[in-house]
Amino acid sequence: MPHDHGHAQIDPDSGDRRVSIAIWANALLTVAQILGGILSGSLALIADALHNFSDMASLVIAFAARKIARRPADDRMTFGYGRIEVVAGLINYTTLILVGVYLLYEGGMRMIDPPEVAGWTVVILGGIALIVDTLTALLTYSMQKGSVNIRALFLHNLSDALASVAVIVGGSLILLYNMWWVDPAITIGIAVYILYLAITEIGEPIRILMLGSPPDLDAGTVVAAIRDVDGVRDVHHVHLWQMQENEAALDCHVVVDEGASPEDTKVAIKARVAEQFGIRHSTLEFEDPENAHDDAQLYGHEDHRA
């Protein structure tokens, strides 16, 4: 079946404006939470402000990565700078895991000795945070479908929006029933959810940076399609990877039949893999049967290190 590696793209300038708005909104929210924490004596609000500051840092990283990714290839980065967005996504997912572990620890400590919390301050600033986090999530929602960088950012803010709802509910229960244990209990629940999101998503940027095969391509099917091309006797030393997040690439050695034209075979293979699998970047090395590698491995190259 054909594989579509394309994604709906948003105008880069429009996307940059969305991320810029999200950065400023989160910066103002951080300042408001710090001031609210100082005025109310609430350490929880200051801690949440620091958490929100980490989100703002994630936005800045994502924004910078988008800018750098557009640079053309040069003599230092011959594949271009597109993978910087994958690196940014990995950084942001790692940050999510660290935040989740920290919240889990803080929630556990506060369950042992629940502190008094200024309920009204928590509810009001929780409501403001919900508005800002929802705005940021909406701004990045349509952008995250084709970018691991923006998807990590979107999950950051989605988890924050859900956390804000939980904070409002917790603040309300504190005001109504003096249930001080609700605040750390909600914190633990949020931490578990954040860790679940981050751990299930972090595998993609790691796989791309490790030059893993694209997840929606079956290597065996690609090899079979190449072997089925007229003039191809065999194929080996196959590499399938992603040059950038949405751009698959192929590198392999092809043994041609006697009398077959390498040039005609190359054109046929490139057309087959582009049409059937969406692979539009392929590097092919041809061998005649007499000079073909003996017992060559199908995938990768032999490791001759001692």
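Residues numbered from 1 in each chain as written. Predicted model: local features only at pLDDT ≥ 70, side-chain atom pairs only at ≥ 80, totals over all residues. Heavy atoms only, no water.

Caption draft 1: Inspection of the overall build of the protein chain at higher detail. Counting secondary structure elements, the protein chain contains nine helices and three strands. Reading the helices (α) and strands (β) of the protein chain from amino to carboxyl end gives α-α-α-α-α-α-α-α-β-β-α-β. The buried share of the protein chain, taken over its 306 residues, is 44%. Across the protein chain, the fraction of contacts at a sequence separation of at least 24, relative to all contacts at a separation of at least 6, is 75%. When the accessible surface of the protein chain is summed, it comes to about 16000 Å², and 62% of that surface belongs to carbon and sulfur atoms. (Helix = DSSP H or I, 4+ residues; strand = E, 2+ residues; numbered from the N terminus. Buried < 20%, exposed > 50% of the residue type's maximum accessible area, 1.4 Å probe, protein only. Contact = heavy atoms within 4.5 Å. Areas by Shrake-Rupley, 256 points an atom, 1.4 Å probe, with all protein chains shown as cover.)

Caption draft 2: Inspection of the sheet that holds strand E2 (residues 247-256) at higher detail. Here we have three strands laid out as an open sheet, ordered E1-E2-E3, and mixed in their pairing. Sheet topology places strand E1 (232-244) and strand E3 (281-287) at the edges, where each strand pairs with a single neighbour. Recorded for the sheet is a direction-independent mean angle of 15 degrees between the axes of neighbouring strands. The pairing of E2 with E3 spans seven bridges and is classified as parallel. Bridged to Val254 within E3 is Phe286. With respect to the sheet, helix H8 (residues 219-227) is in contact with E1 and E2, its orientation differing from that of E1 by roughly 135 degrees. Across the face of the sheet, helix H9 (residues 262-277) comes into contact with E1, E2 and E3 while running at roughly 150 degrees to E3. (Pairing = 2+ DSSP bridges. Axes fitted to C-alpha atoms, helices over the stretch in contact; angles between N-to-C directions.)

Caption draft 3: Quick look at the pairing of E2. Among the ten residues that make up E2, eight are buried, leaving the element largely enclosed by the rest of the structure. The pairing of E1 with E2 spans nine bridges and is antiparallel. Of the residues in E2, the one forming a bridge with Gln244 is Glu247. The parallel pair E2 and E3, bridged by H9, forms a crossover whose chirality is right-handed. (Right-handed = clockwise from strand over helix to strand, strands pointing away.)

Caption draft 4: Expanded view of the environment of Asp230. Within the secondary structure layout, Asp230 lies in the loop between H8 and E1. Separated by 26 residues in the primary sequence, Asp230 and Val256 have C-alpha atoms spaced 9.1 Å apart.

Caption draft 5: Examining helix H6 (residues 182-201) more closely. Here H6 is 20 residues long and its end C-alpha atoms lie 29 Å apart, about the 28 Å a rise of 1.5 Å per residue gives. Of all the positions in H6, only Val182, Asp183, Pro184, Ile186, Thr187, Ile190, Ala191, Ile194, Leu195, Leu197 and Ala198 are classed as buried. Buried residues in H6 make contact with helix H3 (84-112) and helix H5 (148-177). (Expected span 1.5 Å × (residues − 1).)

Caption draft 6: How the structure looks around the packing of H3 against H6. Contact geometry for H3 and H6: axes closest at 8 Å, N-to-C directions at 155 degrees. Relative to H6, the element H3 lies roughly antiparallel. Considering only the axes of H3 and H6, their crossing is left-handed. Each of Tyr93, Leu96, Ile97, Gly100, Val101, Leu103, Leu104, Gly107, Gly108, Arg110 and Met111 in H3 lies in contact with H6, whose residues at this interface are Asp183, Pro184, Ala185, Thr187, Ile188, Ala191, Val192, Ile194, Leu195, Ala198, Ile199 and Glu201. Split into classes, the residues belonging to the contact of H3 with H6 amount to 16 nonpolar, four polar and three charged. (Parallel < 35°, antiparallel > 145°, perpendicular 65-115°, else oblique. Left-handed = near helix turned anticlockwise from the far one by under 90°. Nonpolar A, V, L, I, M, F, W, Y, C, P; charged D, E, K, R; others polar.)

Caption draft 7: Summary view of the confidence of the model for the protein chain. On average, the protein chain scores 82 in pLDDT, and the residues at 70 or more come to 88%. Scored below 50 in pLDDT, residues 1-10 shows 21 contacts in the model against residues more than four places distant or in partner chains. (pLDDT = per-residue confidence, 0-100.)

Caption draft 8: Spotlight on the packing of aromatic side chains. Counted according to the given criterion, the structure contains one aromatic pair. Aromatic side chains Tyr141 and Phe154 sit 5.7 Å apart centroid to centroid with 55 degrees between the ring planes, which places their arrangement in the tilted category. One end of the pair, Tyr141, is in helix H4 (residues 119-141); the other, Phe154, is in helix H5, and 13 residues separate them in sequence. Of note, Arg71 hangs over the ring of Tyr81, and the distance from its end group to the ring centre comes to 5.6 Å. (Phe/Tyr/Trp six-rings, centres within 6.5 Å; stacked < 30°, edge-to-face > 60°. Lys NZ or Arg CZ within 6 Å of the ring centre and 35° of its normal.)

Caption draft 9: Region of interest: the packing of H3 against H5. With their axes 7 Å apart at the nearest point, H3 and H5 run at an angle of 25 degrees to one another. Between H3 and H5, the angle falls in the class roughly parallel. As H3 packs across H5, the resulting crossing turns out to be left-handed. Between H3 and H5, the residues in contact are Glu85, Val86, Ala88, Gly89, Asn92, Tyr93, Thr95 and Leu96 and Val148, Asn149, Arg151, Ala152, Leu155, His156 and Ser159, respectively.

Caption draft 10: Main features of the pattern of salt bridges. Per the counting criterion, the structure on display carries four salt bridges. Across the pair Asp234 and Arg227 runs a salt bridge, and its minimum N-O distance is 3.1 Å. Here Asp234 falls in the partly exposed class, since its relative accessible area comes to 31%. (Salt bridge = Lys/Arg side-chain N within 4 Å of Asp/Glu carboxyl O.)

Caption draft 11: Up close: a nonpolar patch on the surface. Side chains of Trp120, Ile124, Ile128, Leu175, Leu176 and Tyr177 sit close together on the surface and give an oily, nonpolar patch of about 680 Å² of accessible area. Only H4 and H5 provide two or more residues apiece to the nonpolar patch. Using a relative accessible area of 58% as the deciding quantity, one classes Trp120 as exposed. (Patch = residues over 30% accessible without salt bridge, like charges linked within 9 Å, V, L, I, M, F, W, Y side chains within 5 Å.)

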